[in-house]
Amino acid sequence: MKVLFIHYAIKDKQGFGRTFMLAREICSLGNKVVLLTTQPSKMFVFPFHVEYRNKVKIIAFPEILPDSFRRTGFGFFSAILKIIYIIKEHKFDIVHSDTGHRPSAALPAFFIQFFYKVPHVMEWWDFFGRGGHFDQKSLLKKITFGYYDIFMQKLLMKQVSGLVVLSEFLKNKAIDYKIKESIILVLNGGCDISYINYKGTNIKIKKKNKILIDSLTFCFVGMNNNEFNDIIPFIKAINLVKTRLRVNWITTGMIIPEKLKKEYNITNELKELGWQDYSDFVEILQMADVFILIQKNNIMNKARWPNKLGDYLAAGRLILTNPVGEVTRLIETYPNAFVTCRYNVNDIVEKIEYLYKRKSKILSEGKYVRKISEELSWRNKAIILERFYKKILNQ
C-alpha cells in the first residue's frame, strides 16, 4: 500500500510523535509512506522541505501565520500548499489524518478523499466538546475555535471511511453520533522500544545530573496546565514526606510559575527540565525510579490516552497512578506494572512510603514493565492499524 499521513500541526511537535511512530511502523511492514506536516516558525523553505526518517518521506510545508495558529492546526497557507502537492501526487491507497477536523489536516485530507476517491481514515484524539477541552478554554478561545471544534468534529467524522479513536470513551461517543461501529478502531498509544531502552540502574545518570543517588526520584514528563492541576494531590503528598524521606521529582514540559510554587510550597525537591528534544529524552526517563501519572476522574481524562504512558513503560519503571479511563484497563491487564493509589493525598503518602521502603528493589522490577512495553510496541499497533486499513479498503 501507499499511505499518506497528514499531521495537523508542526513537525516534531503537538502529537507528531504518535503520527510518526505509526507512519514508521506502517512503513516497516512493507508499505510506502509519506507524511505531510508544517514547518516551525524558525524555518521557511518554499515550496516544502523533504527529509527521510526510517524510510518515511516527511514533507514539511512553510506557513506565514504565527506558531499559535500552526500548533493548533489553523495553518491555512501550509494547508493550501499541501493541497497543491496532492494535486501533483495523489496516487495513494489510504489517507490518514490526525486531529482530522482542524483545517491544516482536514482541508488536504478531505480534498484527496472527495476529488480522488482515496479512502480517508481520521483520528480522534481528545474530546473537544462540552465537559472536555471546551470547558478549559478562555471565553475568547471558546468563541474563536471552541465552537468550531464542537461542530466540525461531529460533522467531519461522519464523512470519513474509518475512524481511529484513542479510548473506549471516544468510541462510545462516536457511536452516539451515529457512526457505524464497524468503521471505528480503538488504538491506544504504543511504546517506542526501538529508541527508549531499559537500564536496571540509574546511579551514573543521577550523578551526572546532580541528583542524590540514594533518593527516591519520581518523574513526570510533558507537563501542561491541566496536568499540573491533576497532580496537586501528589505535590501535597511530597510536601508531607520531604522533611523525613529523601524524595525528589523531575518534570519536563511546562515550567511551573513561581506563584504556584509558592502556593504549593514547591522548593528544591523539584528539578524542572522544560521542553526537551526527543534526543535527550531517554536519559531523562532513565533518571527516574518511579513515574507519576495522577489524573482527575473527569471527561477529558476518560477520553484521552496519555502518550507519556508508553514512554514510561518502555523505560521500564513502576508507575504511580490512579485508575481513570484507559489507564484502568491497563492496570487490570498488567497490575504489576503499577502502584495504584486513590485520588487522595493521604493514600498517595502511603504509596510513597511503600515505594521508599522498597527503593533498592524497584528498578529490578522494571524488567517486567519493559516486557509489557514489548507487547504494546508501536510495531504491534501498526499491525492492528494495517489490518484496519485493509478492512476499510475491502468495504
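Each remark here, short or long, concerns the structure printed above.
So, here's what we can say about the structure. (Residues numbered from 1 in each chain as written. Predicted model: local features only at pLDDT ≥ 70, side-chain atom pairs only at ≥ 80, totals over all residues. Heavy atoms only, no water.)

## Some details on helix α6 (residues 139–157)
- Spanning 19 residues, α6 covers 26 Å between terminal C-alpha atoms, matching the ideal 27 Å at 1.5 Å per step.
- Maximal helix bending in α6 amounts to about 45 degrees, located at Phe 145.
- Three or more residues of α6 are buried, namely Phe 145, Gly 146, Asp 149, Ile 150, Met 152, Gln 153, Leu 156 and Met 157. (Helix = DSSP H or I, 4+ residues; strand = E, 2+ residues; numbered from the N terminus. Expected span 1.5 Å × (residues − 1). Bend = angle between axes of the 7 residues up to and from the residue. Buried < 20%, exposed > 50% of the residue type's maximum accessible area, 1.4 Å probe, protein only.)

## Overview of the sheet that holds strand β12 (residues 290–293)
- Read across the sheet, six strands follow the order β11-β10-β9-β12-β13-β14 without closing on themselves; strand pairing throughout is parallel. Looking along the sheet, the strands with just one partner apiece sit at the ends: β11 (270–272) and β14 (338–340). Sheet twist, expressed as the average angle between the axes of neighbouring strands with direction ignored, equals 25 degrees.
- As paired strands, β12 and strand β13 (residues 318–321) are joined by four bridges and run parallel to one another. Within the sheet, the bridge partner assigned to Phe 291 lies in β13 and is Ile 319.
- Packing against the sheet, helix α10 (residues 232–241) makes contact with β9 (216–223), β10 (247–253), β12 and β13, and its axis sits at approximately 150 degrees to β10. (Pairing = 2+ DSSP bridges. Axes fitted to C-alpha atoms, helices over the stretch in contact; angles between N-to-C directions. Contact = heavy atoms within 4.5 Å.)

## Points about the environment of Val 282
- Within the secondary structure layout, Val 282 lies in helix α12 (residues 278–287).
- Apart from the residues within four sequence positions on either side, Val 282 is in contact with Tyr 195, Ile 196 and Asn 197.

## Quick notes on the packing of aromatic side chains
- The final tally for this structure, using the stated rule, is 17 aromatic pairs.
- The interplanar angle of 85 degrees and the centroid separation of 6.1 Å between the aromatic rings of Phe 48 and Tyr 85 together place this pair among those described as edge-to-face. Here Phe 48, found in the loop between β2 (32–38) and β3 (49–53), pairs with Tyr 85, found in helix α3 (residues 76–88); they are 37 residues apart in sequence, far enough to count as distant.
- By relative accessible area, which is 30% here, Phe 48 ends up partly exposed.
- With relative accessibility at 9%, the residue Tyr 85 sits in the buried group.
- Where Phe 291 meets Tyr 312, the ring centres are 4.2 Å apart and the plane angle is 5 degrees; that geometry is what we call stacked. Residue Phe 291 is found in strand β12, and its partner Tyr 312 is found in helix α14 (residues 308–315); the two are separated by 21 residues along the sequence.
- Three or more aromatic residues link up through ring pairs in this structure, and these residues are Trp 124, Phe 127, Phe 169 and Tyr 177.
- For the cation-ring pair, Lys 2 lies above Phe 92, with the distance from its terminal atom to the ring centre recorded as 4.7 Å.
- Here the basic side chain of Arg 53 rests over the ring of Phe 20, its NZ or CZ set 5.7 Å away from the ring centre. (Phe/Tyr/Trp six-rings, centres within 6.5 Å; stacked < 30°, edge-to-face > 60°. Lys NZ or Arg CZ within 6 Å of the ring centre and 35° of its normal.)

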